[in-house]
Amino acid sequence: MALETIDAAAKRGVLAVQEYALLSARALGNVFRRPFYRNDIFMQADIIGVGSLPIVILTGFFLGGVLALQSASTLAQFGAAAFTGQLVSFSMIKEIGPVVTALMVSGRNASGMASELGSMIVTEQIDAMRALGTDPLKKLVMPRIVATIVMLFFLVIISDAVGICGGGFVSVLMLGQDISQYFHTSYQSLEFADVFQGLVKPIFFGFIIATIGCFYGMKTRGGTQGVGRSTTQAVVWSSILIIATDFMISRVLIGIFGR
Amino acid sequence: MATTGAPFAQPQPRPPQPPPPQPSAAQEPIVVFDDVSIGFEQKPVLENISFQVRQGEMRILLGPAGVGKSVLLKLVNGLLRPDSGRIFVFGKEISAMREEDLFELRGAIGTVFQEGALFDSLTVRDNIGYRLLEEHVSDDEITARAEEALRFVDLEGTMDKFPSQLSGGMRRRVAIARAIVTNPKLILYDSPTGGLDPITSTTIIELVMKQRDVSHTSSLLVTHRIQDAFILAMHHFNRATNQMEPLPAHTTDPNTSFLMLHQGRLVFDGTTKELVHSQDSFIREYIS
């Protein structure tokens, strides 16, 4: 009995991975096929990008601030408080900026995608769309993937910048550090590998957020309860995958660039 | 204005009514089911289903709730694929077509879903003109054709409303307007009167009949309401009075015939008279 349960669960897992891979591949293939649904891409970019701007700015600012606050006291023990700016910019650009921004966008948008598409599934709107001759993967999934990847890239840049400013705000106004020194050490220590690592990650994270959100939305079953389940699963799995992917990308890029 | 054809023609003044196309053996059927079976999670839902829908014909699919009627309808426009058997629509084997190719074919099929399935974030105009929007038809033409379709279903003045602002019956009428706006060659009705009050149901059935008798579109109508089926079989739509009227006694509409599902199998395929005089115990119980 237990073996049967394990067997069934394993089959469900493999099937889910297969369905996810197929949905992602078909949606990506649609990027290069007509019609392009430009208006839908811009609309999603507005919802995902502009809509997420306030939470990204707020979290970025306070993360930078708390990083400065925590690290300054530790660095001061070694007489290295002057390197607060370097530590904040390193952490924000390479790790915290991309990951936290992606988690924020995931919480806001992967859930939104799953619930919106899930509601459309349970009310037969997706079937109606297919019956009217429109491919939902092209009309609904592809614009969300493109918009999330593009907008997350810029959101991460904004988050990094705001985070460094937040760190500067705390360092200068609360810890009494020199503003010039803070920003000088912030950017001078950065190398191409650091910036590259920080900008590659949001591309993968954006893809994960959109495809997971759409995947759980499109496989919603069981009415409003099913929509709720899909929404939760979308946020949980996109968050897990973001952190796991972050580890893998970091490992690979550290292997390549040596830092 | 692009469409001024039969489906939305005004009742006054009336052009001569075109003769309804008579089904003939020579005509290629619009829909052919050949030994089709489908199941979900190891459970068979439909088994060895074979039937045809001919040009201008209305086939009414009867059966108890949950017997697989909606599944059968989704097989017709390729929303589901059969586990075995072949399905031909407009002479093309859709059970062997790729999803990408099906989108084009579905352009010639109008579908009215069980609950309407209107896009809740779009207005009535955009719902009706959805396919036209996708084809990049001009805004003026979309508005004109949506107005025309709304006139056909007696819902003028609702163009800018959202589905949530309409009653159940009105939503169903908008769904019919959306299905007929592109003059499809085949219309699929999935329980168009399900969950509606008797008066609204009659209005919807009258619209279905109007589409059948005015534009002679082939159709497949799913229902578990036997009274709706018999109204369709024993009435016709009079364009002069713009309402349905009973056919003379002991006559039925020649283009309307029945299919009946029971326990996943097709237990009846025939005319109204054959249905009424059937000796099958299930059919007799169902229609009594």
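Look a little higher up for the structure.
Just so it is clear, the model here is predicted, and its values are computed rather than measured.

What counts as what
Residues numbered from 1 in each chain as written. Chains lettered and ligands numbered in written order. Predicted model: local features only at pLDDT ≥ 70, side-chain atom pairs only at ≥ 80, totals over all residues. Contact = placed C-beta atoms within 7 Å. Nonpolar A, V, L, I, M, F, W, Y, C, P; charged D, E, K, R; others polar. Pairing = 2+ DSSP bridges. Helix = DSSP H or I, 4+ residues; strand = E, 2+ residues; numbered from the N terminus. Axes fitted to C-alpha atoms, helices over the stretch in contact; angles between N-to-C directions. Expected span 1.5 Å × (residues − 1). Buried ≥ 20, exposed ≤ 12 C-beta atoms within 10 Å, placed from the backbone.

## Brief notes about the interface of chain A and chain B
In many reports, interface size means the accessible area that the parts give up when they come together.
Part 1 of the reasoning: Listed by partner, the interface residues are eleven residues for chain A and 14 residues for chain B.
Part 2 of the reasoning: Broken down by class, the residue content of the side of chain A that touches chain B amounts to three nonpolar, four polar and four charged.

## A closer look at the sheet that holds strand β11 (residues 256-262) of chain B
All names here are of chain B.
Part 1 of the reasoning: The mixed open sheet is built from six strands, whose spatial order is β6-β7-β8-β3-β11-β12. On the outer flanks of this sheet lie β6 (109-112) and β12 (265-271), each paired with one strand and no other. If you compare each strand with its neighbour and ignore which way they point, the axes differ by 15 degrees on average.
Part 2 of the reasoning: The pairing of β11 with β12 spans six bridges and is antiparallel.

## Here's the deal with helix α7 (residues 198-215) of chain B
Residue and element names in this part refer to chain B.
Part 1 of the reasoning: In this model, α7 (18 residues) spans 25 Å end to end at C-alpha, consistent with the 26 Å of a helix rising 1.5 Å per residue.
Part 2 of the reasoning: Taken together, the buried positions of α7 are occupied by Ser201, Ile204, Ile205, Leu207, Val208, Met209, Lys210, Gln211, Arg212, Asp213 and Ser215.
Part 3 of the reasoning: Looking one or two residues beyond α7, the residue adopting positive phi is His216, at roughly 55 degrees.

## Observations regarding the pairing of strand β10 (residues 243-246) of chain B
Residues and elements named next belong to chain B.
Part 1 of the reasoning: Relative to β10, strand β9 (residues 235-238) is paired through four bridges, and the arrangement is antiparallel. Opposite Asn238, over in β10, you have Gln243 as the bridge partner.
Part 2 of the reasoning: Where β9 hands over to β10, the hairpin turn is made up of four residues, of which Asn242 adopts a positive phi near 55 degrees.

## Describing helix α5 (residues 139-152) of chain B
Residue and element names in this part refer to chain B.
Part 1 of the reasoning: Here α5 contains 14 residues, and its C-alpha end-to-end distance of 20 Å stays within 8% of the 20 Å for a straight helix at 1.5 Å per residue.
Part 2 of the reasoning: Among the residues of α5, Ile142, Arg145, Ala146, Glu148, Ala149, Leu150 and Phe152 are the ones counted as buried.
Part 3 of the reasoning: The inward-facing, buried residues of α5 contact α3 (124-128), α4 (130-134) and α6 (168-180).
Part 4 of the reasoning: Note on α5: the residue one or two positions beyond its end, Asp154, has a positive phi of about 55 degrees.

## Some thoughts on unusual backbone geometry
Part 1 of the reasoning: With omega at -10 degrees, the peptide bond leading from Arg34 of chain A into Pro35 of chain A counts as cis.
Part 2 of the reasoning: Among the structural elements, Pro35 of chain A can be located in the loop between α1 (2-29) and α2 (38-77).
Part 3 of the reasoning: For His136 of chain B, which is not a glycine, the phi torsion comes out positive at approximately 60 degrees.
Part 4 of the reasoning: Structurally, the position occupied by His136 of chain B is in the loop between α4 and α5.
Part 5 of the reasoning: Classification of His136 of chain B by C-beta neighbours within 10 Å gives exposed; the count is 8.
Part 6 of the reasoning: Located in the positive-phi region is Gln263 of chain B, a residue other than glycine, with phi close to 50 degrees.
Part 7 of the reasoning: Position of Gln263 of chain B relative to the elements: it lies in the loop between β11 and β12.

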